[in-house]
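Examination of the molecular architecture
One letter stands for each residue in the lines below.
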Amino acid sequence: MSGFTAAAAVALTVAAVVVYAGVARRADSGADAVHILNGRNVEWPCAAAENVHVAGNVIGTRAQVWGDRAFVLTPRFRPGVPFTVSAVRLGCGGADRCWPALVPYPRWSTHVEGDPDAVQNAVDMHLDPTGVLWLLDSGLVNTMERPVRRARPRIFAVDVKTDEVVKRIDLSGLACPASRLGYIAADYGDDGRAFVYVSDAATRAVIVWDVAADCGYRAVLPEAVARDRTGPGDAMYVALARPSTGKNVLYLTYLTSDRMYAIDTRHLRRERQRGNVTVVGRKPDNVVLLGTDGRTTLYFRYGGRGDVYAWDTDRGGFGPDRFALVRKSDGRGRLATQVAPGHRGGVPWLLESNFPDYVSGTVGCLGADVRLQPLVEQRR
């Protein structure tokens, strides 16, 4: 079922090295296009499916790119969201704007609400260099209204080359009722073994899953990581960077904490995280981690603000003197929620939306304004 034998994992790791060896900052398909994603533009299998859909409740929050497709996350924050992962085609034939249809990924049956074998609410995803899309399913739907538990927290792995689910991981033994699972990252060890990391903000921990061994454990973080946060609902962000040293690093921080932390993933994979969580710098303000370029650069913005910054982790400590402003806000109320690596070393992709309007219920009859476009960096 999983397809993750030791030999296969080694082969996938070799492929990943080839992918990340390219450093050309070329654009992907549809390089200059702004892709406008809207809950009204959905590919329906039948009229009955459309009848239970509430277009204004659909909003894209995360995206990953592979070839000429982008995979978009639309969590079930409110009722009437027909699926939580979709695929859209990139490229507009020379046009500077396009409205691609959201197509449930990998298929409609993967997202039937209430089906114990289906994805109930994907809240984050990570596309690894080998083409495996890891989906974090909280199992909890309608989270902004009256939350309903539909399933246990799980991870689904989808091979985007075959569009098949190749692995399901039950996280219920590693989570508790108080857990708040938010972000996911996938990593490969030197021996080719796949590991998945999931942040649990409520319990100050990172869940580590060894895919080949089919088992996991909780890496409880030092109290200092959360000591300066302001409340129990604070978000804990994680982002995986691949410095030129070859030692992958998981960066993490709570939104309102004043420090950025890092863990060499070799320690996470050996259950030796204690004493190996390091401070890499103080944050000048609340920081929202947006993602990486798949290599050394980490992207972020400040809470409630639209400017996007880059930090090259190879340059050392996290601090304003090492930040580069790569995209200035246009002042129209949209905030970035993801920066995703471009396919095969291409230009990263930026996903932004009027998420604050969505939260307040003021998006209007046309639904959320979600835009996916290449992040053509203009460093200043």
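Residues numbered from 1 in each chain as written. Predicted model: local features only at pLDDT ≥ 70, side-chain atom pairs only at ≥ 80, totals over all residues. Heavy atoms only, no water.

1. Things to note about the confidence of the model for the protein
Should pLDDT be low for a region, the predicted coordinates there are not to be read in detail. For the protein, the mean per-residue pLDDT works out to 87, and 87% of the residues sit at or above 70. Long-range and interchain partners of residues 1-30, a stretch whose pLDDT sits below 50, account for 66 contacts in this model, where long-range means more than four residues apart. (pLDDT = per-residue confidence, 0-100. Contact = heavy atoms within 4.5 Å.)

2. Observations concerning the side chain of Ser138
With respect to the helices and strands, Ser138 occurs in the loop between strand 8 (132-137) and strand 9 (140-141). Take Ser138: its relative accessible area is 16%, and that puts it in the buried class. Within the structure, Ser138 has its side chain in polar contact with the backbone nitrogen of Leu140 (distance 3.2 Å). Setting aside residues up to four positions removed in sequence, Ser138 forms contacts with Asn121, Val123, Arg149, Ala151, Arg152 and Pro153. (Helix = DSSP H or I, 4+ residues; strand = E, 2+ residues; numbered from the N terminus. Buried < 20%, exposed > 50% of the residue type's maximum accessible area, 1.4 Å probe, protein only. Polar contact = N/O pair within 3.5 Å; in protein donor to acceptor, adjacent residues only side chain to side chain.)

3. Here we look at the layout of surface pockets
Space inside the largest pocket adds up to approximately 1,200 Å³. Contributing to the lining of the largest pocket are 43 residues, with Phe77, Leu181, Gly182, Tyr183 and Ala235 lying nearest its centre. Those elements that provide at least two residues to the lining of the largest pocket are strand 7 (122-127), strand 13 (181-188), strand 17 (236-241), strand 21 (287-292), strand 25 (335-340) and helix 5 (355-360). Split by residue class, the lining of the largest pocket holds 24 nonpolar, 12 polar and seven charged. (1 Å grid on protein atoms, 1.4 Å probe; cavity = no way out; pocket = protein on both sides within 12 Å on 5 of 7 lines; lining within 4 Å. Points joined across faces, edges and corners; volume = space filled by probe spheres on them. Nonpolar A, V, L, I, M, F, W, Y, C, P; charged D, E, K, R; others polar.)

4. Description of the pairing of strand 27 (residues 370-374)
Among the five residues that make up strand 27, five are buried, leaving the element largely enclosed by the rest of the structure. By the alternation rule, side chains of strand 27 split into Val370, Leu372 and Pro374 and Arg371 and Gln373, which are all buried. Bridge analysis of strand 1 (residues 34-37) against strand 27 gives three bridges, and the strand direction is antiparallel. Bridge pairing in strand 27 places His35 opposite Leu372. Bridging between strand 26 (residues 349-353) and strand 27 involves five bridges; their strand directions are antiparallel. Within the sheet, the bridge partner assigned to Trp349 lies in strand 27 and is Pro374. (Pairing = 2+ DSSP bridges.)

5. What about the sheet that holds strand 1?
Taken in spatial order, the five strands make up an open sheet running 5-1-27-26-25, and their pairing is mixed. Only two strands of the sheet have a single partner each, and these edge strands are strand 5 (97-98) and strand 25.

6. A word on the pattern of salt bridges
Across all of its chains, the model carries 26 salt bridges by this definition. Arg62 is paired through a salt bridge with Asp124; the nearest N and O atoms lie 2.8 Å apart. Residue Arg62 is found in strand 2 (residues 62-66), and its partner Asp124 is found in strand 7; the two are separated by 62 residues along the sequence. By relative accessible area, Asp124 is classed as buried at 1%. Between Arg150 and Glu113 there is a salt bridge; the shortest N-O distance is 3.2 Å. Of this pair, Arg150 sits in the loop between strand 10 (148-149) and strand 11 (154-159) while Glu113 sits in the loop between strand 6 (103-104) and strand 7, placing them 37 residues apart in sequence. The class for Glu113 is partly exposed, based on a relative accessible area of 33%. By sharing partners, the salt bridges in this structure join Arg327, Asp330, Arg334, Glu352, Asp369 and Arg371 into a single network. (Salt bridge = Lys/Arg side-chain N within 4 Å of Asp/Glu carboxyl O.)

7. Section: empty space enclosed by the protein
According to the stated counting rule, one finds three cavities of 30 Å³ or more in the structure shown. Within this model, the largest cavity holds a volume of roughly 250 Å³. Taken together, 26 residues make up the lining of the largest cavity; nearest its centre are His126, Leu240, Gly291, Thr292 and Gln338. Broken down by secondary-structure element, the contributors of at least two residues to the lining of the largest cavity are strand 2, strand 7, strand 13, strand 17, strand 21 and strand 25. When the residues that make up the lining of the largest cavity are grouped by side-chain class, the tally is 16 nonpolar, six polar and four charged.

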